[in-house]
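# Architecture at a glance
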Amino acid sequence: MSEITYIALDAMGGDNAPIEMVKGAVDAIEKEPSMKVFLVGQETVIEKELAKYQYNKSQIEVVNAMEVIETAEPPVNAIRKKKDSSIVVGMKMVKEGKADAFVSAGSSGAILVGGQVLVGRIKGVERPPLASLIPTEKGVSLLLDCGANVDARASHLVQFAKMGSIYMEHVLGVQKPKVGIVNIGAEEEKGNALVKETFPLLKEQSDINFVGSVEAREIPHGQVDVVVCEAFSGNIILKLYEGVGAVLIKKVKEGLMSTLRSKIGALLIKPALKATLKTFDASEYGGAPLLGLNGLVVKTHGSAKAKEVSNTLIQCVTFKRQKINEKIKECIQSDAVSAE
């Protein structure tokens, strides 16, 4: 039997909590028997929701936490003052070794602050990046940083590239993943001061497959497997991606329903179209892990529904099985030794 992965799920975080969180947990344990989910939050509310389902009682446990950190709250103050919140209680479970991972659709700021303050960084990791899988013509690419470090240094981006390469190789199975730095042109001399400083440093790294600059228009084509940038650019790319994807899907559906002829055609292409559109559904790829921490912390969309929650929980199992944290630790420590 596979080793059990213990996951603390913030049942109170996100727009659709606790309904979709609980449903996602129930769906996940049906697909993955080597998983135990701790639903962290207000016990009476969670128990009421759980009562709607038939499930393996040994795979789900409720952990009471009476407070909720709201999205608008200052994250540092919220983490410090709300000790009995679902985010703080869940992260402490990871810190204390009671859980392998923490998953939340709640306040991004609180998750980022809590990850660094409560769970802590792997020794040598300068800044943990938020890493999100995005759909491309060739499959998926990993975009990092997409939300954690708006201001970053060249050395941070080098570490992002290394951690992203480890993730793509061992979680997605991409051999020698191609790494590119986001830029406004393909030429090495282009870019802002940060890109110009980082580019030659990435070229020097023998343990990653750095292929140069990647322009935003090339990202959807899958030109690179690991897309590296600071979080200001990364978050803009991610949100534009999501917005354009949603508009395109809406327009395609409107076009297919516009006339009787198009409706007949839609019936004929429905299976193929459904499969294609599925690849552009963000919920299929789970959440965005905060790489470089002493335990796994994953942020899902605030609007996450059961499918995304379920996929994120299963993603955590893969992360543990592939020993991603151990591999990141080995890589960072090896760099530290080389620098001495």
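A brief report on the enclosed structure follows. (Residues numbered from 1 in each chain as written. Predicted model: local features only at pLDDT ≥ 70, side-chain atom pairs only at ≥ 80, totals over all residues. Heavy atoms only, no water.)

Residues L9, V37, L39, L50, I60 and L313 are the most contacted members of the largest nonpolar core, which totals 64 residues. It is helix 6 (residues 154-170) that provides the largest number of residues to this core, a total of nine residues. By size, the runner-up hydrophobic cluster in this structure holds 38 residues, among which are V63, A110, I219 and V224. (Core = buried A, V, L, I, M, F, W, Y, C linked by side-chain atoms within 4.5 Å. Buried < 20%, exposed > 50% of the residue type's maximum accessible area, 1.4 Å probe, protein only. Helix = DSSP H or I, 4+ residues; strand = E, 2+ residues; numbered from the N terminus.)

Glancing now at the pattern of salt bridges. In the structure shown here, the tally under the stated rule is 13 salt bridges. Between K23 and D27 there is a salt bridge whose closest N-O contact spans 3.3 Å. Note that K23 and D27 are positioned in helix 1 (residues 19-31) at a spacing of four residues, about one turn of the helix. Where K190 meets E187, a salt bridge forms, and the shortest distance between an N and an O atom there is 3.7 Å. What you see here is one network of salt bridges that share partners, running through E3, D100 and K320. (Salt bridge = Lys/Arg side-chain N within 4 Å of Asp/Glu carboxyl O.)

Approximately 320 Å³ is the volume attributed to the second largest pocket. In this structure, the second largest pocket is lined by 19 residues; those nearest its centre are D100, F319, K320, N325 and E326. Mapped by element, the contributors of at least two residues to the lining of the second largest pocket are helix 10 (306-321) and helix 11 (324-339). In terms of residue count, helix 10 provides more of the lining of the second largest pocket than any other element does, five residues in total. Of the residues assigned to the lining of the second largest pocket, the class counts are eight nonpolar, five polar and six charged. (1 Å grid on protein atoms, 1.4 Å probe; cavity = no way out; pocket = protein on both sides within 12 Å on 5 of 7 lines; lining within 4 Å. Points joined across faces, edges and corners; volume = space filled by probe spheres on them. Nonpolar A, V, L, I, M, F, W, Y, C, P; charged D, E, K, R; others polar.)

Strand order in the open sheet formed by five strands is 5-6-9-7-8, with mixed pairing between adjacent strands. This sheet does not close on itself; its edge strands, each paired only once, are strand 5 (131-136) and strand 8 (209-214). When strand polarity is set aside, the average angle formed by the axes of neighbouring strands in this sheet is 30°. Examined bridge by bridge, strand 7 (residues 178-182) and strand 9 (residues 226-228) share three bridges and lie parallel to one another. Looking at the pairing, G180 lines up with V227 of strand 9. Helix-sheet contacts for helix 8 (residues 231-256) involve strand 5, strand 6 (139-144) and strand 7, and the interaxial angle to strand 5 is about 40°. (Pairing = 2+ DSSP bridges. Axes fitted to C-alpha atoms, helices over the stretch in contact; angles between N-to-C directions. Contact = heavy atoms within 4.5 Å.)

Secondary-structure assignment places S132 in strand 5. Expressed as a C-alpha distance, the spacing of S132 and L202, which sit 70 residues apart in the sequence, is 21 Å.

None of the figures reported here should be taken as evidence of function without further support.
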